[in-house]
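Chain and residue survey
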Amino acid sequence: MTTLNADPSELDKFSQLAHRWWDPTSEFRPLHEINPLRLEWIDRVAGLAGKRVLDVGCGGGILSEGMTGKGAKVTGIDLSDKALGVARLHLLESGCSVDYRKASAEELALEMPGQFDVVTCMEMLEHVPDPGSVVAACAQLVKPGGHVFFSTINRNPKAYLFAVIGAEYVLKMLPKGTHDYAKFIKPSDLARWAKSVDLLPREMIGMSYNPFSKVYSLGSDISVNYLMHTVREA
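In what follows, the accompanying structure is described. These numbers were taken from a predicted model, which means no experiment stands behind them.

The subject of this paragraph is the sheet that holds strand E5 (residues 142-153). The strand order E3-E2-E1-E4-E5-E8-E6-E7 describes an open sheet built from eight strands, whose pairing is mixed. Looking at the sheet topology across the chains shown, the edges are occupied by strand E3 (98-102) and strand E7 (215-219). Each neighbouring strand pair of the sheet contributes to a mean axis angle of 20°, computed without reference to strand direction. Where E5 and strand E8 (residues 225-232) come together, seven bridges link them in antiparallel fashion. Each residue of the ladder has a partner; that of Phe 150, found in E8, is Met 228. With respect to the sheet, helix H6 (residues 131-141) is in contact with strand E1 (52-56), strand E4 (116-122), E5, strand E6 (199-210) and E8, its orientation differing from that of E5 by roughly 150°.

Rendered as structure tokens:
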């Protein structure tokens, strides 16, 4: 681990696939399929229209562009040059306007504290060496009373069976090695990190995949994938 809160092997892994980010039949198919669900949930809770939003770990920009489409003014940050390049290139095709920057959450928190109405950090915490540091940075970046959304994977035997064995080896929805079970995060740990930096958990929902219908849905089952909505204390 370096002073930068990033795993070079993780960055390299996603950089090698970056050119396929916007291909809905590629390794990023799950992101395309879950994006409408998470986007509608975020918009319902926070009301994105007219809001200044930061997407932490934006990758190729699937969620960033979606939030722009809801009327938000979006900044997306990532540490992968290739992913950001793909994200910027896609803006030419989509006509969306997103301010993409190469920066970590911790770096931007020093530059722009309390500047955002909404901060999203989706499918990222399980890929960094110190997820608690990212949570703290998100708390610094959002305005008092603002919304911070996280999504990640629970740590238990069922999550290992579904998210690693099932998704990567059986159904082959994701490349082998996409996830490291040791980096999965229990909801209690995420809630503890959030509360320690004055982010109050307001709602937690689960995201499930039905391998027979091949459909994702949101619900009460947080045993594998889950999303957490927090609000910064005013």
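With that settled, consider unusual backbone geometry. Here Glu 123, not a glycine, exhibits a phi torsion of approximately 55°, which is positive. Along the chain, Glu 123 falls in the loop between E4 and H6. Since its relative accessible area comes to 25%, Glu 123 is described here as partly exposed. For Asp 198, which is not a glycine, the phi torsion comes out positive at approximately 65°. Tracing the backbone through its elements, the reader meets Asp 198 in the loop between helix H8 (187-196) and E6.

This brings us to the pairing of E6. As paired elements, E6 and E8 share eight bridges and run antiparallel to each other. For Pro 201, the partnering residue across the bridge sits in E8 and is Thr 230. In this structure, the hairpin formed by E6 and E7 is closed by a connection of four residues, where Lys 214 is found at a positive phi of approximately 60°.

One pass over the structure, following the stated rule, counts 12 salt bridges. Of the charged contacts, one joins Arg 29 and Glu 33 as a salt bridge, the two residues approaching to 2.7 Å between their closest N and O atoms. Of the two residues, Arg 29 and Glu 33 are both situated in helix H2 (residues 29-46); the distance of four residues between them amounts to about one turn of the helix. Since its relative accessible area comes to 28%, Glu 33 is described here as partly exposed. The salt bridge partner of Lys 158 is Asp 221, with a shortest N-O separation of 3.2 Å. Residue Lys 158 is located in helix H7 (residues 157-170), and its partner Asp 221 is located in the loop between E7 and E8; the two are separated by 63 residues in the primary sequence. Here Lys 158 falls in the partly exposed class, since its relative accessible area comes to 34%. Take Asp 221: its relative accessible area is 33%, and that puts it in the partly exposed class. Here the residues in one salt-bridge network are Asp 99, Arg 101 and Glu 111, joined through shared partners.

Cut-offs applied
Residues numbered from 1 in each chain as written. Predicted model: local features only at pLDDT ≥ 70, side-chain atom pairs only at ≥ 80, totals over all residues. Heavy atoms only, no water. Pairing = 2+ DSSP bridges. Helix = DSSP H or I, 4+ residues; strand = E, 2+ residues; numbered from the N terminus. Axes fitted to C-alpha atoms, helices over the stretch in contact; angles between N-to-C directions. Contact = heavy atoms within 4.5 Å. Buried < 20%, exposed > 50% of the residue type's maximum accessible area, 1.4 Å probe, protein only. Salt bridge = Lys/Arg side-chain N within 4 Å of Asp/Glu carboxyl O.

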